[in-house]
Amino acid sequence: MKNAVIGNNKQKANLIVLGAVPRLLYLLQQETSSTELRTECAVVLGSLAMGTENNVKSLLDCHIIPALLQGLLSPDLKFIEACLRCLRTIFISPVTPEDLLYTDATVISHLMALLSRSRYTQEYICQIFSHCCKLQRWHSCGFKSLPQPLLCANGPDHQTILFNHGAVQNIAHLLVSTSYKVRMQALKCFSVLAFENPQVSMTLVNVSVDGELLPQIFVKMLQRDKPIEMQLTSAKCLTSMCRAGAIRTDDSCIVLKTLPCLVRMCSKERLLEERVEGAETLAYLIETDVELQRIASITDHLIVMLADYFKYPSSVSAITDIKRLDHDLKHAHELRQAAFKLYASLGANDEDIRKKIIETENMMDRIVNGLSESSIKVRLAAVRCLHSLSRSVQQLRTSFQDHAVWKPLMKVLQNAPNEILIVASSTLCNLLLEFSPSKEPILESGAIELLCSLTQSENLALRVNGIWALMNMAFQAEQKIKSDILRGLSTEQLFQLLSDSDVNVLMKTLGLLRNLLSTRPHIDHIMSTHGKQIMQAVTLILEGEHNIEVKEQTLCILANIADGTTAKELIMTNDDILQKIKYYMSHSNAKLQLAAMFCISNLIWNEEEGSQERQDKLRDMGIVDILHKLSQSSDPNLCDKAKTALQQYLA
């Protein structure tokens, strides 16, 4: 059987159909079977697992994993190795759930104990660990770094389980093994363990093997004379440690070793899969650090080098080799995704870098095409890239306009999955800033309705972006747009947002209200239709347990209302609100005092009709006494504002 199935997928499938698997597993588990027979069974099962994904599914359906794990308790090393080799092959397959390794708590500690048995147990166990160590949480995808909820499965994640079983101490010494395969699998294990894990990363920094610290060992493995796979994986380890805060971003091992190594991986000389991995890792390394973004952008003409990622598959005439075409096609979208991601990281902060990226051949066209690709990963990466570039005022006014980027972006926003929606709506926020020429056409294409629906999302990031975009849209907008926004939102939804548990949503909603209530005719118009509800909302917030910023923003809204011609009356006839303004004039926080003073100044301004009655009413409330006190304040702003207000009484 063993000889028949080696390298022959058809024969493997035939044997499985004929029911060989249950029989082999039966023999493997029989106490009466000789060790040689049990070992041969494990070898044949391992060979069957090497076939197609369907083969692996058939093996899993027969409960092969518990049988093989049981086999690891045998005293015979050859049999243990055969079981481990088969387990390794099964766990490498994408159809195998990683959790199957963690169903029995004793398995991990037994595997750790087996690490010392032979170089084969070391190689296979490390390989099993690195394939069964998944981060059980979502990664944030936009650069507007919103706290992503950690959606952990019940209990600790795989990294923590392995860490708590002493993975770091047990695997570290394998990095100096005489076997290349063992060194490589140990390295891969660390690259997975350290990813987004401060606990593991901080531990790795201080572990030494034969008197050498792990970061130094990783740096040695980065050298150009080492195999590419080793250079890439050690660069990933150092990248994870750096991102987790265990190594500083200005450490020479990052700036002079890791970053240049990853840029090298992006060059034409490398295989397509290496270029993908190099670019994605580099994008992650520099994502949040301005200095690293600048260094990367001037290393080896990286920005131009990445343009080459869009040239696959090459022109048909050049491809005579059909296998090569297949390979190119398979990697083409991965290359595009990686290039977009890296461009997004490079352009996250620096205006000059963004300019260079946009001036790269056909860049805007490539992004626009990327937005409508069939692959969701490419679409997401293209939107991220666009978002990064949309932070540039200059580009919003030029390239973004020339290429009518808003059109495909609005299309992306129709029924996209959440992860794309989050980044696309962040980009839309930037395109709606008042100096952006795209603002008008976006409005005409039904954006208000779309954004109002986002504010009702279960997803926090989408609610924030929806309300943020509306806030930008309302800034210095004409009355019709403001009315459309209020109609689209409905009073009910506005209250919902004002009582949102997230302070980000609350602040952006107040910002929206403040932008809606600007310029007198607009203030009067909106307050004549929505005055009662808005005053209710203001009262609610000033009475609630909110931070200084929220209360300040709310008092500024009141100051805007006080600036209206007819809207003023809604404050003057509301004693409760007047008492609140008075209270904040004497508050311990100067920002709140100042905001309350703005309200008072707008109410008592002399040149306006009815100012005398308003001044009298406020004098009777004791406002003038407070103004006198404030005119003696040590805070120059408060002092000036109080004196100006008092002059209105004297005039």
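Just so we're clear, the structure is a prediction, and the values are computed from it rather than from any experiment.

So, about the overall build of the chain. Within the chain one finds 40 helices and two strands. On C-alpha atoms alone, the chain measures out to a radius of gyration of 32 Å, which is more than a quarter above the 26 Å that the 2.2 N^0.38 rule sets for 651 residues. Oriented by its inertia axes, the alpha-carbon framework of the chain measures out at about 105 × 60 × 50 Å. Burial status across the chain gives 55% buried among its 651 residues. Residue pairs in contact within the chain that sit at least 24 positions apart in sequence constitute 68% of those at least 6 positions apart. For the chain, the centre of its 66 positive side-chain charges and the centre of its 70 negative side-chain charges are spaced 5 Å apart.

Let us now look at the packing of aromatic side chains. Two numbers describe a pair of aromatic rings. These are the distance of the centres and the angle of the planes. All chains considered together, the criterion is met by five aromatic pairs. Summarising the aromatic geometry, the rings of Y120 and Y124 are spaced 6.2 Å apart at their centres and angled 25 degrees between planes, so their arrangement reads as stacked. Pair noted here: Y120 and Y124 are both in helix α9 (residues 119–131), with a separation of four residues, about one helical turn. When its relative accessible area of 5% is taken as the criterion, Y124 is described as buried. For the pair Y583 and Y584, a centre-to-centre distance of 4.9 Å together with 70 degrees between the ring planes defines the contact as edge-to-face. Note on Y583: relative accessible area 53%, which makes it exposed. The class of Y584 is buried, set by a relative accessible area of 4%. Directly above the ring of W468 sits K508, whose terminal nitrogen or CZ lies 4.3 Å from the centroid.

On to the UniProt feature "repeat: ARM" (unreviewed entry) in the chain. Feature annotation in UniProt assigns "repeat: ARM" (unreviewed entry) to the following positions: residues 19–55. Secondary structure content for residues 19–55 is 76% helix and 0% strand, while the C-alpha to C-alpha distance between its ends is 12 Å.

An ideal rise of 1.5 Å per residue puts 18 Å on 13 residues; α9 measures up with 19 Å between its terminal C-alpha atoms. For α9, the buried fraction is high: 10 of the 13 residues fall into the buried class. Every buried residue of α9 is accounted for by T121, Q122, E123, Y124, I125, C126, Q127, I128, F129 and S130. Looking at the packing, one finds that the buried side of α9 touches α7 (77–92), α8 (105–114), α10 (158–164), α11 (167–172) and α12 (180–194).

A separate point is unusual backbone geometry. Note: most residues except glycine have negative phi, and most peptide bonds are trans. Unlike most non-glycine residues, D300 shows phi in positive territory, near 50 degrees. If you trace the backbone, D300 turns up in the loop between α18 (290–297) and α19 (302–307). Residue D300 is classed as partly exposed on the basis of its relative accessible area, which comes to 47%. A positive phi is found at H301, a non-glycine position, where the angle reads about 50 degrees.

Formed by 230 residues in total, the largest nonpolar core has its most connected members in F190, L346 and L558. Excluding residues that lie within four positions of it along the chain, L558 makes contacts with M535, V538, L542, I571, I577, I581 and C599.

To continue, consider the layout of surface pockets. What the second largest pocket holds in volume is close to 240 Å³. Around the second largest pocket, the lining residues are I65, P66, L69, Q70, L72, L73, L100, T103, D104, T106, V107 and H110. Mapped by element, the contributors of at least two residues to the lining of the second largest pocket are α6 (64–71) and α8. No other element matches α6, which puts four residues into the lining of the second largest pocket.

In this structure the tally under the stated criterion is 31 salt bridges. In this structure, the salt-bridge partner of R248 is D250, at a minimum N-O distance of 2.6 Å. Its relative accessible area of 58% is what places R248 among the exposed residues. In this structure, the salt-bridge partner of D616 is R619, at a minimum N-O distance of 3.6 Å. In this pair, D616 and R619 both sit in helix α38 (residues 611–620), three residues apart, roughly one turn of the helix. What makes D616 partly exposed here is its relative accessible area of 31%. A cluster of three or more residues bridged by salt bridges with shared partners is formed by R520, D563, K568 and E608.

One can describe the packing of helix α33 (residues 520–543) onto helix α34 (residues 548–562) by two numbers: an axis separation of 11 Å at closest approach and a directional angle of 150 degrees. Taken together, the axes of α33 and α34 are roughly antiparallel relative to one another. For the element pair α33 and α34, the recorded crossing hand is left-handed. Contacts from I523, M527, I534, M535, V538, I541 and L542 in α33 reach V550, K551, T554, L555, I557, L558, N560 and I561 in α34. For the contact of α33 with α34, the residue count by class is 12 nonpolar, two polar and one charged.

Further remarks concern the environment of S208. With respect to the helices and strands, S208 occurs in strand β1 (residues 208–209). The exposure class assigned to S208 is partly exposed, which follows from its relative accessible area of 44%. Along the primary structure S208 and N362 are separated by 154 residues, whereas in three dimensions their C-alpha atoms are 49 Å apart.

Once that is clear, we can look at the packing of helix α4 (residues 35–49) against α7. Relative to each other, α4 and α7 sit at 15 degrees, their axes nearing to 9 Å. Taken together, α4 and α7 sit at an angle that is classed as roughly parallel. The interaxial crossing formed by α4 with α7 has left-handed handedness. Across the interface between the two elements, T35, R38, T39, A42, V43, L45, G46 and A49 of α4 pack against K78, F79, A82, C83, R85, C86, T89 and I90 of α7. Looking at the contact of α4 with α7, its residues break down into nine nonpolar, four polar and three charged.

Now for the state of the cysteines. The tally for this structure, following the rule as stated, stands at zero disulfides. Of all cysteine sulfurs in the structure, the one in C452 sits closest to C429, which takes part in no disulfide; the separation is 13 Å. This cysteine, C599, is not joined by any disulfide, and C556 carries the nearest cysteine sulfur, 7.7 Å off. Taking the relative accessible area as the measure of exposure, C599 reaches 0% and is therefore buried.

Our focus in this paragraph is helix α36 (residues 575–585). Within α36 the residues assigned to the buried category are I577, L578, K580, I581, Y584 and M585. Each buried residue of α36 sits inside an arc of 160 degrees when the element is viewed along its axis, so together they form one side. On the buried face of α36, the contacting elements are α33, α34, α35 (568–572), α37 (590–604), α38 and α39 (623–630).

Here the focus is the environment of M202. Tracing the backbone shows M202 in helix α13 (residues 198–206). C-alpha separation for the pair M202 and E273, spaced 71 residues apart in sequence, amounts to 30 Å. Beyond its immediate sequence surroundings of up to four residues, M202 is in contact with A244, G245 and A246.

Conventions used here
Residues numbered from 1 in each chain as written. Predicted model: local features only at pLDDT ≥ 70, side-chain atom pairs only at ≥ 80, totals over all residues. Heavy atoms only, no water. Helix = DSSP H or I, 4+ residues; strand = E, 2+ residues; numbered from the N terminus. Rg over C-alpha atoms; globule rule 2.2 N^0.38 Å. Buried < 20%, exposed > 50% of the residue type's maximum accessible area, 1.4 Å probe, protein only. Contact = heavy atoms within 4.5 Å. Lys, Arg positive; Asp, Glu negative; His and termini not counted. Charge placed at Lys NZ, Arg CZ, Asp CG, Glu CD. Phe/Tyr/Trp six-rings, centres within 6.5 Å; stacked < 30°, edge-to-face > 60°. Lys NZ or Arg CZ within 6 Å of the ring centre and 35° of its normal. UniProt positions renumbered as here; feature names shortened; annotations may be inferred. Expected span 1.5 Å × (residues − 1). Core = buried A, V, L, I, M, F, W, Y, C linked by side-chain atoms within 4.5 Å. 1 Å grid on protein atoms, 1.4 Å probe; cavity = no way out; pocket = protein on both sides within 12 Å on 5 of 7 lines; lining within 4 Å. Points joined across faces, edges and corners; volume = space filled by probe spheres on them. Salt bridge = Lys/Arg side-chain N within 4 Å of Asp/Glu carboxyl O. Axes fitted to C-alpha atoms, helices over the stretch in contact; angles between N-to-C directions. Parallel < 35°, antiparallel > 145°, perpendicular 65-115°, else oblique. Left-handed = near helix turned anticlockwise from the far one by under 90°. Nonpolar A, V, L, I, M, F, W, Y, C, P; charged D, E, K, R; others polar. Disulfide = S-S within 2.5 Å. Arc of directions from axis to C-beta.

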